[in-house]
Amino acid sequence: MGIIKDIVSPFAVWKHFFKEPVTIKDPLNRIAAPRYRGFHQNDISQCIGCGTCEAICENEAIDLVAVAQTKNGDSGLRPRVDYGRCCWCALCVDVCTTGSLKLSNAYTWVDTDGDNFRFTPGIDLKPWDSLKDGYTKAKGLELYPLERMPMQHLHAHQRDNSFIEIMKGYSKEEAMAEADRCVSCGICVAACPAHMGIPEYIKAIREDNLEKGLQIMYQTNPLVEICGRICTHKCETVCSVGHRGEPLSIRWLKRYIADQVPATDYYRVLNQDKVEKNSRKVAIVGAGPAGLSAAYYLSKLGYQITIFEKLAQAGGMMRYGIPEYRLPYDQLDKDINYILSLGVEINYNTTIGTNVTMDELHANFDIVYVATGLHEGRSTRIPGTEHANVYQAIELLRKITENKPIEVAEKIVVIGGGNVAMDITRSLARLQKQKYGKVQTIATSLETEDIMPADREEVIEAREEGAIINPGWGPREIKILNNKIQGLKVVQCISVFDENKRFNPKFDESVENFFEADMIVESIGQGMNLSFLTEKYAEQLEKDSRGRILVDTLTYQSSLPWLFFGGDIIEGPDVIHSVANGHKAAKGIDNYLNSIQK
Amino acid sequence: MFQKIIEKINLKYPIDVVSKKSDKLMFLTVHKNTAVNTVQYLKDDLGFKHLVLLTAVDFLEQGKFQLTYLLNNPDIKIDIGVRVLIERESATMESAHSLWPTIATYQRELREMFGIDFPDSPGVNDEFILEGWNNTPPYRRDFDTKAFAANFYHQRNSRENNDPSAHMKKNLYPNE
């Protein structure tokens, strides 16, 4: 039997001859599975060089190397992968903030030079760059939440008839959770005009070391309660987490730190380097954000500071422009009082030219720093603007702060689409609600809604509070009958800027509209009033072709070496630019005086 | 199903912790001196005749190693992991090679990678994958892999390390 089996069995194998073979003819060119983790691909147009791939790589297979910066919020770095170290775990893909990094399913690469196995995906072009298959982050897998932690706030019906602060601030748990979303890349630092140490103070929140957080913030910004509430937060527009989700609430996190450290602890926490006072004297004209910032950093350098403020209280536009529901006065005072507590002298109700002259300032101080801001409202100059019931937004906002009586008509039209326009619209809406029980305020602007300069949330909240925002109209005439305002005639605005991006509005005169009103408020921008400089000094100052004072962009020194300028006069307008240029002017003043007194 | 198995084992050997992961997988933590007996009982009397693996975890902070004998019952398609904690200091465990000759290979690997001794296990002191190793066993958590690699291997030159915010400062606002 055994012999027969031995003879027959080789033939039995023949039945497999017609079967599909299980082996592969060309194993070297076998295509890998669709989600195989092979060589890296990086979409350079998406990548911002945030470096989270480098940070997460346990094998240190990724270095960030310099390439040309391509866009705003791009570090100009790109990951270079060393396949001598990479283990293809793909954590770099999972953590990638923009989703630019992928692993293709290519897996064969032969080279005789070991150094070639180190390359910058997307920059050093490779055959697998165009492959579609490979490893991408699994659906639903997120290493950090993409939604920001919402903040408790007053709803429209709770806030529309009062000036109580709307936003409540984060609790500890909320702030910790929000801080935990930060990937610590530091892309935001360049976008902040003051270059605040954002990743560091967010880290201090995670470590629950808020005093350290406060110290970090004060290195670059002495107005943190204020900026924690009303900063224009350029940082958040470039936040790497914002590329696929909502950016970090950097502004609210700053507020959280400031809110948690009581004012009585500031001196102990912040005043760690003992300052030796020197005999140098600096006069600061204007107690707004730039003047206060310069005063803080100069006094930390030992200078004797005297601020001259025209109005009865310090803060400038932060107090007299921004409504209390966005920035309560006690929080404003917390920041300001700390600066004044360092020995900064301040003379209120003091106008240069009236109470004290520029000559006196020049004679009695080493340096004069002028940061008087933009407090003169601009007019549309359309027919009817001379009527007594046509107001400037900035004047009304100032009166509301000063608690002076203002006329609140039943029907109001605000001309303007910026944040100041929203501030006066929402303030007047509140006053109407108090006086009449209903809101009849319309805000209209040249810009259509998509290009309105106001922050989006301002427009949304104004509407929630009952105001009507009707943008895209050019004001033509204020109709007056028997010396009483009837309303505002407008025509459709087709475009605001021309091809060269210059302000040059165009209208369709055939499309008219009429907004009924008893009172009109203009809010189309503010200008400066530097008449206090007097001709004697104004003439000596170098100016550009448009008449703006020229200053050194690093030191803010004018062509008169003892005279420095800052704040909204020079750039902005917003608080954080003023804080930044006040700080730079302080350093500029110190460097200048050191150089001439050597 | 698991309940019956636990009851049967409990009649013979003590179980400290029962951890049910699913209908198909359960872990039992048992005593060191009865662990191999428990494994043998599962194999010989309860049908868990297939050894899936033997592995270890280093609980450095507690000064213990945890061994896990993962067993499979092919008839009822159920896995049971038998866990046992042993002292980390001069770690020793009774060999189970009389139950499965192949377990000697796992024990040889654990000897090399964790430094756990299995006296009388065939070839337990032979090199497994490390050649000429005279350092701390590399799977022990107090072995510093990175420091070892830095000292032992050639480092590629010209590595760069750029921090995004520092790089942006250098390029965009160097003098501020």
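## Here we look at the overall build of chain A
- Tallying secondary structure elements over chain A gives 21 helices and 21 strands in all.
- Taken over the C-alpha trace, chain A has a radius of gyration of 32 Å; the compact-globule value for 598 residues is 25 Å, which it surpasses by more than 25%.
- Here chain A holds 598 residues, and 45% of them are scored as buried.
- Of all intrachain contacts in chain A linking residues separated by at least 6 positions in sequence, the fraction that spans at least 24 positions is 73%.

## Some details on the sheet that holds strand β19 (residues 519-522) of chain A
Residue and element names in this part refer to chain A.
- Pairing is parallel across the open sheet formed by five strands, whose spatial order is β12-β19-β13-β14-β15. The outermost strands of the open sheet, each flanked by one partner alone, are β12 (390-392) and β15 (468-469).
- Here strand β14 (residues 441-444) runs beside β15; their pairing, made up of two bridges, is parallel. Looking at β15, one finds that Ala-443 is bridged to Ile-469.
- Together, β12 and β19 form the strand contacts of helix α17 (residues 393-401), whose direction differs from that of β12 by roughly 75°.

## Thoughts on unusual backbone geometry
Residue and element names in this part refer to chain A.
- Even without being glycine, Ser-184 reaches a positive phi, approximately 60°.
- Looking at the element boundaries, Ser-184 is found in the loop between α5 (172-179) and α6 (187-191).
- Its identity is not glycine, yet Asn-482 carries a phi of approximately 50°, on the positive side.
- Secondary-structure assignment places Asn-482 in the loop between β16 (473-481) and β17 (484-497).

## Quick look at the environment of Ile-202 of chain A
Residue and element names in this part refer to chain A.
- Following the sequence through the fold, Ile-202 ends up in helix α7 (residues 198-206).
- Assessed through the 26 C-beta atoms surrounding it within 10 Å, Ile-202 is described here as buried.
- It is 9.2 Å that separates the C-alpha atoms of Ile-202 and Ala-175, two residues lying 27 residues apart in sequence.
- Not counting residues up to four positions away in its chain, the partners in contact with Ile-202 are Ala-179, Cys-182 and Leu-253.

## Quick notes on the domain arrangement of chain A
- Segmenting chain A into domains produces domain 1 (27-135), domain 2 (156-269), domain 3 (277-375 + 528-596) and domain 4 (387-526).
- Between the C-alpha centres of domain 1 of chain A and domain 3 of chain A the distance comes to 50 Å.

## Thoughts on the nonpolar core
- Core analysis: the largest hydrophobic core is formed by 141 residues, its most contacted members being Cys-188, Ile-257, Ile-284, Ala-295, Tyr-369 and Ile-520 of chain A.
- Ignoring sequence-local partners within four residues, the contact set of Ala-295 of chain A consists of Ile-284, Ile-305, Ile-307, Ile-339 and Val-344 of chain A.
- In terms of nonpolar packing, the next biggest core, distinct from the first, is built from 27 residues, Leu-28, Val-30, Leu-54 and Phe-65 of chain B among them.

Conventions and cut-offs
Residues numbered from 1 in each chain as written. Chains lettered and ligands numbered in written order. Predicted model: local features only at pLDDT ≥ 70, side-chain atom pairs only at ≥ 80, totals over all residues. Helix = DSSP H or I, 4+ residues; strand = E, 2+ residues; numbered from the N terminus. Rg over C-alpha atoms; globule rule 2.2 N^0.38 Å. Buried ≥ 20, exposed ≤ 12 C-beta atoms within 10 Å, placed from the backbone. Contact = placed C-beta atoms within 7 Å. Pairing = 2+ DSSP bridges. Axes fitted to C-alpha atoms, helices over the stretch in contact; angles between N-to-C directions. Domains from an automatic or database assignment. Core = buried A, V, L, I, M, F, W, Y, C linked by C-beta atoms within 7 Å.

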